[in-house]
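# Close look at the chain arrangement
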Amino acid sequence: MSATPNRRMVAVVLLIPVVVTIALWAFAWPAARIAPRDLPVGIAGSAPAADRLQQQFERHGDAFEIHRFGDEAAARTAIEDRVVYGAVVITPKGPQLLTASAASPMAAQLLREAVTTRALAGSQVQVTDVVAAPAGDPRGSTLGASILPLAIAGVAAGSAVTMLRLRGGRAAGALIGVAALVGIAAAALTDSWLGAITGDWWTGAGSLGLTVLAIGATVAGLAALIGPSGVGLGALLMVLLGNPFSGITSAPELLPRPVGAIGQLLPPGAGGSLLRSVAFFDGSAAADAVLILGVWAAVGLTAVLVGGRRRTPAATAPAPSAPEPALAG
């Protein structure tokens, strides 16, 4: 009789340390290995000087991905379009570094150090922040901290739908409603109150809501297809992996490979990239993130609807009638 409780005790003793170990690995390992890996950087200027500068960058191995531009205007446009994180412009008065702290304060600082202390050692470099982070969040701390609450909100929505046994259209409606309200509330906090994001208010709210919907629909969809264990699987995927792999506090190109690429395919990473694009860059480079979030949301909602149809007939089927008693002869 005591075998089952003993097994449960052993399962708890073993499972919790495994989950904690996974969480520590997922959060600590990428943070401890922050370094540029094919970080897109531009070079603009005359060929001889630009060639020499490119060679200096290439001495860092695959740390930087070099893009060449004809002049400063083209380099600025590439930064504003989120093609590169920064650019070095060769001018008659000396090199000029263009950065975009709104894209990643950490990447901007790294480029400043690389250009002033290594790539162009001994030169006086003028630094211009083309797309600056907002005054309310100059270090990007608030924006970086916003993804985890969105992931938790999505997981909570998917869990609530599962525990309340909502099915089909009701479940989908609840998920969409929660996502919409969370998006509005999050925009009110991060934009209207804290000033951590700028850009069109409703576009920002929609981006936040779409992120929550993609996460919540995935969690609820997994639960609808495989049962309550799908909630745990969804939480593991979105919170323990998706959040630290998102690169929102640094940049995807600063995370170890292939963590940065994987993170951008998960809703937290795609949501963070989308929020940066609509908040600071007028929606530039937002299409991929919208597509990824849309696919997660659509697949999750489809799973919710399909799972509801599979379970409803079984739940509503009439119980078999008892056999009629035989008549006495």
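The following refers to the structure shown. (Residues numbered from 1 in each chain as written. Predicted model: local features only at pLDDT ≥ 70, side-chain atom pairs only at ≥ 80, totals over all residues. Heavy atoms only, no water.)

### Overview of the pattern of salt bridges
We apply this condition: Counted as salt bridges are all cases of a side-chain nitrogen of Lys or Arg within 4 Å of a carboxyl oxygen of Asp or Glu.
As enumerated under the stated definition, the model contains four salt bridges in all. Among the charged side chains, a salt-bridge network with shared partners connects Asp-38, Asp-62 and Arg-257.

### Some remarks on unusual backbone geometry
Rules: Secondary structure elements are taken from DSSP: a helix is a run of H or I of four residues or more, a strand is a run of E of two residues or more, and numbering for both begins at the N terminus.
Residue Pro-258 is reached from Arg-257 by a cis peptide bond, and omega for that bond is -5°. Note that Pro-258 resides in the loop between helix H9 (229-242) and helix H10 (259-265). For Asp-38, which is not glycine, the phi dihedral falls at a positive 55°. Inspection of the secondary structure assignment puts Asp-38 in the loop between helix H1 (3-32) and strand E1 (39-44). In this structure, Asp-282 takes a positive phi of about 55° despite not being glycine. Summarising the element assignment, Asp-282 is placed in the loop between helix H11 (267-280) and helix H12 (287-316).

### A short note on the sheet that holds strand E5 (residues 126-129)
We count it as follows: Two strands pair under a simple rule: DSSP has to find at least two bridges between them. For every element, the axis is a line fit to its C-alpha atoms; helices are fit only across the contacting stretch, and the angle between N-to-C directions ranges from 0 to 180 degrees. Two residues form a contact once any of their heavy atoms are found within 4.5 Å.
Read across the open sheet, the five strands follow the order E2-E1-E3-E4-E5; overall the sheet is mixed. Both outer strands of the open sheet, strand E2 (64-69) and E5, are each paired with one neighbouring strand and no more. Along the sheet, successive strands turn relative to each other by an average axial angle of 25°, direction set aside. Relative to E5, strand E4 (residues 94-99) runs parallel, the two being bridged by four bridges. Bridging across to E5, Thr-99 finds its partner in Asp-129. The sheet strands contacting helix H2 (residues 47-58) are E1, E2 and strand E3 (86-91), and the helix crosses E2 at an angle near 170°. Taken strand by strand, helix H3 (residues 72-80) contacts E1, E2, E3, E4 and E5, and its axis lies near 20° from that of E4.

### Focus on H3
Spelled out, the test is: Burial classification: accessible surface area is computed with a 1.4 Å probe over protein chains only, and a residue below 20% of its type maximum counts as buried, one above 50% as exposed, and the rest as partly exposed. What the arc measures is the spread of directions leading from the helix axis to the C-beta atoms. In protein, a polar contact requires one atom able to donate a hydrogen and another able to accept it; more generally it is a pair of N or O atoms within 3.5 Å, and residues adjacent in sequence count only if both atoms are side-chain atoms.
What H3 keeps buried is the set Ala-75, Ala-78 and Ile-79. End-on view of H3: buried residues confined to an arc of 100°, all on one side of the axis. In the core, the buried residues of H3 are packed alongside E1, E2, E3 and E4. Between a side-chain oxygen at the N-terminus of H3 and the backbone nitrogen of Ala-73 the separation is 3.4 Å; the capping residue is Asp-71. Within two residues after H3, Arg-82 carries a phi angle of roughly 65°, on the positive side.

### Things to note about a nonpolar patch on the surface
Selection criterion: Each patch is built from residues that are more than 30% exposed by relative accessible area and take part in no salt bridge. Like charges join if they lie within 9 Å; nonpolar side chains (Val, Leu, Ile, Met, Phe, Trp, Tyr) join within 5 Å. Each accessible area is a Shrake-Rupley estimate made with a 1.4 Å probe; only the visible protein chains count as cover when residues are assessed.
Side chains of Val-18, Ile-22, Trp-25, Leu-225, Ile-226, Leu-233, Leu-236 and Val-306 sit close together on the surface and give an oily, nonpolar patch of about 650 Å² of accessible area. Only H1, helix H8 (201-226) and H9 provide two or more residues apiece to the nonpolar patch. Considering each element in turn, the nonpolar patch owes the most residues, three residues, to H1. As for its position among the elements, Ile-226 is in helix H8.

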